[in-house]
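Chain residues, written in single-letter form:
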Amino acid sequence: MGDLKESKAQRAERLKRELNPWEAYEIIEHFAREGHAAITQEWGTYFRWWGIYSQGDGVGAVGGPGGEGRATKHFMVRVRIPNGIMAAPQLRTLADVTDRYARGIADLTVRQNVQLHWVTIEDLPPLMHALWRAGLTSLGACGDVTRNVTGCPLAGVDAEEVVDASPLVFEATRLLNGNPDFYNLPRKYKVTITGCRTWCSYPEINDVGLTALRHPASGEPGFSLRVGGGLSTDPRLAERLDAFVRWHQAVPVVRAVTEIFRDSDVLREHREKARLKFLFLRHGWTAERFLAEVEARLGYALDRAPEEPRPEEVYRDHVGIHPQRQPDLCYAGATVLRGRLTAAQLRAVADAAERHGDGQARTTTMQNVVVVNVRRERVGALARELAQAGLPTGGSPFRRGTIACTGTEFCKLALTETKEFSRRLVEDLERRLPSFHEHVKLHVTGCPNSCGQHWIADIGVEGKKLKIDGALVDAYYFCVGGALGARQAVARPIGLRVPASEVASAVERLLRAYLAERHAGETFRAFAARHDDATLRAWLAGGPVPAAERDPAGGLLPAGVDA
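Residues numbered from 1 in each chain as written. Predicted model: local features only at pLDDT ≥ 70, side-chain atom pairs only at ≥ 80, totals over all residues. Heavy atoms only, no water.

Caption draft 1: Structural context of the environment of Arg147. Looking at the element boundaries, Arg147 is found in the loop between α5 (124–133) and α6 (166–176). The spatial distance from the C-alpha of Arg147 to the C-alpha of Thr192 is 9.9 Å, given a sequence separation of 45 residues. Setting aside residues up to four positions removed in sequence, Arg147 forms contacts with Tyr53, Arg78, Arg80, Arg111, Gly140, Ala141, Cys142, Lys188, Tyr189 and Lys190. (Helix = DSSP H or I, 4+ residues; strand = E, 2+ residues; numbered from the N terminus. Contact = heavy atoms within 4.5 Å.)

So, in structure tokens, the structure goes:
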């Protein structure tokens, strides 16, 4: 019969069986000494366990064979920031390595990470050593492992929080990151633990989400447990299990869920169907079965879950100046347009945090930055310094509510450029709708993988390509009405694809229709929910148009993404 070709999933599983990359850092040092030509093909995969990806050539998925772009000799390095918490010296270290190794720019991600680009193989060891000296690491920021464990950036300072859950975030990080028991998961794995009432770290779209609540009978603080959330090409909101998780049970519960995921061999058969959610989507698991498996691994039963109110439609960006739970202290949340910072801006945040506060800053899942523990009488001066650095503590709903993934600038899987497009889109909408003040989340993602989280946006645009006058141009497909919390819903693909140059006009038409047709006090999400796809599509397009498929037959898709 001859040799059977190894599938993508088989190759990934073989490589993981053959080597735990966390135990082979010295090979990266070897490559750095010998140069880029010494890098073996297998390390194109293994680098990810150290938070390293090869960087694309700026063309994206259409620039290479098989729907994946060409790699350059540069790397992306993702620095994990558990709970988004950093001190001023760490910010300065990030500024220094950004200047020295990353051409002066750093991106904030939707998992509170900091992402660097343009790093060479020779610069990887000094970059990583600099991070380690500052108490930072790229370990486990990519790969089939637990990604950065997220939490509320206001942990410990939020006047309304149920509990400061950041110690659990750090404990879970120590358990899962770098632990050889968990280096080989079927796919990437995302955990969030939050003590806030607004669920700003999006437990609904994580593999594991713990949300704090007080038991109505005893008043004891504990957590609800959700599992199986995730976006990408098969969006699914997480399932709440019938369990009340006490503080001391939280990390053991996270471990038990992680073991269930690790030991689910059925998930290792297909790379694109390997996330935890596919136990529910493809393999018949129920919430009851999952809870029984968790309790079997714990060796004891969890108490049953009390009722839990889901947060109303609140904005979760943390922008602005607000009082903390500590008397006479405030926090200031600054808008980072499209999540991109310069080295100078990182230093400005560090300097302002030390000059006016205690030197602490936090990153958010909406790609913004927050300075905490600022004395009330100093917060005005802090805000002015941040604004002078291009990081205002206010701004239009478009500036505050726009999220952008990496895009073709650096990503080999993307179909469209996103960062510069998002900047122009925000500025264009500010000119078109200067008096618009309603909260609207506008998410830009460069391909169906949804790194820009378009499925949970009020208006999500997904990168595509269109052929116009014989040339491929960037285009976007509209999804409308995504929401989390009390009115959670996956955004609806509404059948409109337009060139990137026409997105601002389309959004303007839709938002003007909202302003003209809404009920008193009606949010955009509620407005979108009571109109059908054809009506929303007509408002976006400027008139009735037939529905377009998201991914027409033969369309361009990143490698391994299902149409």
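Caption draft 2: Inspection of the packing of helix α2 (residues 25–34) against α5 at higher detail. In the contact formed by α2 and α5, the axes pass within 9 Å of each other and the chain directions differ by 135°. By the angle between their axes, α2 is oblique relative to α5. Between α2 and α5, the residues in contact are Tyr25, Ile28, Glu29 and Ala32 and Leu124, Pro125, Met128, His129 and Trp132, respectively. When its residues are assigned to classes, the contact of α2 with α5 shows seven nonpolar, one polar and one charged. (Axes fitted to C-alpha atoms, helices over the stretch in contact; angles between N-to-C directions. Parallel < 35°, antiparallel > 145°, perpendicular 65-115°, else oblique. Nonpolar A, V, L, I, M, F, W, Y, C, P; charged D, E, K, R; others polar.)

Caption draft 3: Expanded view of the side chain of His74. If you trace the backbone, His74 turns up in strand β2 (residues 71–79). If we ignore the near neighbours within four places in the chain, the residues touching His74 are Tyr53, Ser54, Gln55, Arg103, Trp118, Val119 and Thr120.

Caption draft 4: Structural context of the packing of aromatic side chains. The full count for this structure, using the stated rule, is 19 aromatic pairs. Between Trp43 and Phe47, the ring centres sit 5.4 Å apart and the planes meet at 70°, which makes this aromatic pair edge-to-face. The same class applies to Trp43 as to Phe47, namely buried. Measuring from centroid to centroid gives 5.2 Å for Tyr189 and Phe261, while their planes differ by 20°, and the two rings are stacked. Note that Tyr189 is positioned in the loop between α6 and β6 (191–194) and Phe261 in helix α7 (residues 250–262), a separation of 72 residues in sequence. The exposure classification of Tyr189 matches that of Phe261, with both residues buried. One aromatic cluster is present, formed by Phe398, Phe436, Tyr514, Phe524, Phe527 and Trp539 through successive ring pairs. Looking at Arg236, its charged tip hangs above the ring of Phe280, at a distance of 4.3 Å from the centre. The ring centre of Tyr514 lies 5.1 Å from the NZ or CZ of Arg518, which sits over that ring. (Phe/Tyr/Trp six-rings, centres within 6.5 Å; stacked < 30°, edge-to-face > 60°. Buried < 20%, exposed > 50% of the residue type's maximum accessible area, 1.4 Å probe, protein only. Lys NZ or Arg CZ within 6 Å of the ring centre and 35° of its normal.)

Caption draft 5: Looking closely at the pattern of salt bridges. Using the criterion set out here, one finds 49 salt bridges in the structure. Of the charged contacts in the structure, one is a salt bridge between Lys412 and Glu68, with a shortest N-O distance of 3.8 Å. Linking Lys412 in the loop between β16 (402–404) and α13 (419–432) with Glu68 in the loop between β1 (52–56) and β2, this pair joins segments that are 344 residues apart in sequence. On the basis of relative accessibility, which here comes to 30%, the residue Glu68 falls in the partly exposed class. One salt bridge in this structure joins Asp351 and Arg92, with 2.8 Å as the shortest N-O distance. (Salt bridge = Lys/Arg side-chain N within 4 Å of Asp/Glu carboxyl O.)

Caption draft 6: Here's a closer look at a nonpolar patch on the surface. On the surface, Val59, Val62 and Leu472 cluster together into a nonpolar patch covering about 210 Å² of accessible area. By the secondary structure assignment, Leu472 is in strand β19 (residues 471–480). (Patch = residues over 30% accessible without salt bridge, like charges linked within 9 Å, V, L, I, M, F, W, Y side chains within 5 Å. Areas by Shrake-Rupley, 256 points an atom, 1.4 Å probe, with all protein chains shown as cover.)

Caption draft 7: Broad picture of the confidence of the model for the chain. Of all residues in the chain, 97% have pLDDT values of 70 or greater, and the mean over the chain is 95. Counted against residues more than four places away or in other chains, residues 559–563, with its pLDDT under 50, gives 16 contacts. (pLDDT = per-residue confidence, 0-100.)

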